[in-house]
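So the chains spell out like this:
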Amino acid sequence: MERGRFITFEGIDGAGKSTQIDVIEKALRDRGIEVIRTREPGGTPLSETIRRELLSVDMDPATETLLFFASRAEHLAQVIRPALARGAWVLSDRFTDATYAYQVGGRGFPAEKVESLEAWTHGDLQPDCTVLFDLPPEVAAERLARARQADRFEQEDCEFFTRVRNAYLTRAHQQPHRFMIVDSTQDKEVVSAHLREVFSQWQ
Ligand code: TYD
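Residues numbered from 1 in each chain as written. Predicted model: local features only at pLDDT ≥ 70, side-chain atom pairs only at ≥ 80, totals over all residues. Heavy atoms only, no water.

### A few points about the site of the ligand
Moving on, step 1. The environment of the ligand is formed by 17 residues, the closest being R51, R94, T99, Q103 and E154.
Moving on, step 2. Here an oxygen atom of the ligand and a side-chain polar atom of D13 are 2.9 Å apart.
Moving on, step 3. R72 places a polar side-chain atom, nitrogen or oxygen, 3.1 Å from an oxygen atom of the ligand.
Moving on, step 4. Protein contact buries 92% of the 560 Å² of open area that the ligand shows by itself.
Moving on, step 5. Every element with two or more residues in the shell around the ligand is listed here: α2 (45-56), α3 (61-85) and α4 (96-106).
Moving on, step 6. Top contributing element to the shell around the ligand by residue count: α4, with four residues. (Near = heavy atom within 4 Å. Polar contact = N/O pair within 3.5 Å; in protein donor to acceptor, adjacent residues only side chain to side chain. Areas by Shrake-Rupley, 256 points an atom, 1.4 Å probe, with all protein chains shown as cover. Helix = DSSP H or I, 4+ residues; strand = E, 2+ residues; numbered from the N terminus.)

### Remarks on the packing of α3 against α4
Moving on, step 1. Between α3 and α4, the shortest axis-to-axis distance is 11 Å and the interhelical angle comes to 170 degrees. Considering the angle they form, α3 stands roughly antiparallel to α4. For the pair α3 and α4, contact is made by E64, T65, F68, F69 and R72 and by T96, T99 and Q103, respectively. (Axes fitted to C-alpha atoms, helices over the stretch in contact; angles between N-to-C directions. Parallel < 35°, antiparallel > 145°, perpendicular 65-115°, else oblique. Contact = heavy atoms within 4.5 Å.)

### Focus on the environment of V90
Moving on, step 1. Its location among the elements puts V90 in strand β3 (residues 89-93).
Moving on, step 2. With 89 residues separating them in the primary sequence, V90 and F179 have C-alpha atoms 16 Å apart.
Moving on, step 3. Ignoring anything within four residues of it in the chain, the contact list for V90 reads R5, F6, I7, I36, T38, I80, A83 and L84.

### Section: the sheet that holds strand β1 (residues 6-11)
Moving on, step 1. In spatial order, the strands read β2-β3-β1-β4-β5; together these five strands make up an open sheet with parallel pairing. With partners counted over all chains shown, the strands left at the sheet margins are β2 (35-39) and β5 (179-183), one partner each. Sheet twist, expressed as the average angle between the axes of neighbouring strands with direction ignored, equals 20 degrees.
Moving on, step 2. Bridge analysis of β1 against β3 gives four bridges, and the strand direction is parallel. Counted as the bridge partner of I7 is L91 from β3.
Moving on, step 3. Packing against the sheet, α4 makes contact with β1, β4 (129-134) and β5, and its axis sits at approximately 20 degrees to β1. (Pairing = 2+ DSSP bridges.)

### Quick look at the nonpolar core
Moving on, step 1. In this structure, L28, Y102, V131, L195 and F199 are the most contacted members of the largest nonpolar core, which totals 39 residues.
Moving on, step 2. With seven residues, the top contributor of residues to this core is helix α7 (residues 158-174).
Moving on, step 3. Setting aside anything within four residues of it in sequence, one finds L28 in contact with I7, I33, V35, W89, L91 and F199. (Core = buried A, V, L, I, M, F, W, Y, C linked by side-chain atoms within 4.5 Å. Buried < 20%, exposed > 50% of the residue type's maximum accessible area, 1.4 Å probe, protein only.)

### Quick notes on the packing of aromatic side chains
Moving on, step 1. Counted by the stated rule, this structure contains ten aromatic pairs.
Moving on, step 2. Geometrically, the ring pair formed by W89 and W202 is edge-to-face, given 5.8 Å between the ring centres and 85 degrees between the ring planes. One end of the pair, W89, is in strand β3; the other, W202, is in the segment after α8 (188-199), with 113 residues separating them in the sequence.
Moving on, step 3. Its relative accessible area of 9% is what places W89 among the buried residues.
Moving on, step 4. Summarising the aromatic geometry, the rings of Y102 and Y168 are spaced 6.4 Å apart at their centres and angled 80 degrees between planes, so their arrangement reads as edge-to-face. Note that Y102 is positioned in helix α4 and Y168 in helix α7, a separation of 66 residues in sequence. (Phe/Tyr/Trp six-rings, centres within 6.5 Å; stacked < 30°, edge-to-face > 60°.)

Rendered as structure tokens:
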């Protein structure tokens with residue numbers, strides 16, 4: 001059986017990912033595709049336990065990076081790889097690009113260390129498509145302030161999110177075959193209509 005597609009969703013906090021992932025999930029299900037919707041950090045009971053610690057406890061950037069990859073290794077083994085192998089499509093709210101953006105871009109953690117963890121954990125498997133929801137941190141912050149209680153990452157300042165955003169954009173421009181950049185300052189309905197159209201056909 002042909003392996004399923006692996007689609008990931010990225011962007012700074014407040015970019016409106018969740019609503020648009022709903023739209024894509026529906027477009028794919030309407031085509032009769034088996035879809036597994038998941039997230040990082042998280043996606044398995046152990047990875048969700050790691051998530052709670054990551055979002056609430058202050059820690060050294062090395063510990064933080066290793067925990068993201070520990071959570072990811074479990075997620076790959078229990079959910080992502082088995083689903084793709086049986087032909088299902090996996091939609092993951094964040095994946096390794098988030099580590100490059102937040103830990104390397106945001107925190108200044110060395111990129112080479114993340115590269116070696118990536119090669120070790122999933123050197124053989126990369127997303128087929130990564131949708132990057134892009135918008136200025138000032139706009140995202142305004143949306144977040146209205147929405148909910150901030151976690152440990154969402155409490156970072158605008159300069160942090162500017163570095164995260166730039167790191168995402170740099171990766172997107174380096175790997176244009178995989179990334180699709182969406183302008184998240186647009187009206188929500190306009191973005192949804194565009195994504196619905198793309199994913200009702202995307203192979
Ligand atoms: P997310 O699920 O998008 O948060 P929420 O449920 O609040 O929308 O992601 C949790 C946070 O973890 C987010 O601020 C980004 C951060 N993160 C990293 O710093 N590195 C990573 O590798 C991943 C996957 C997430």
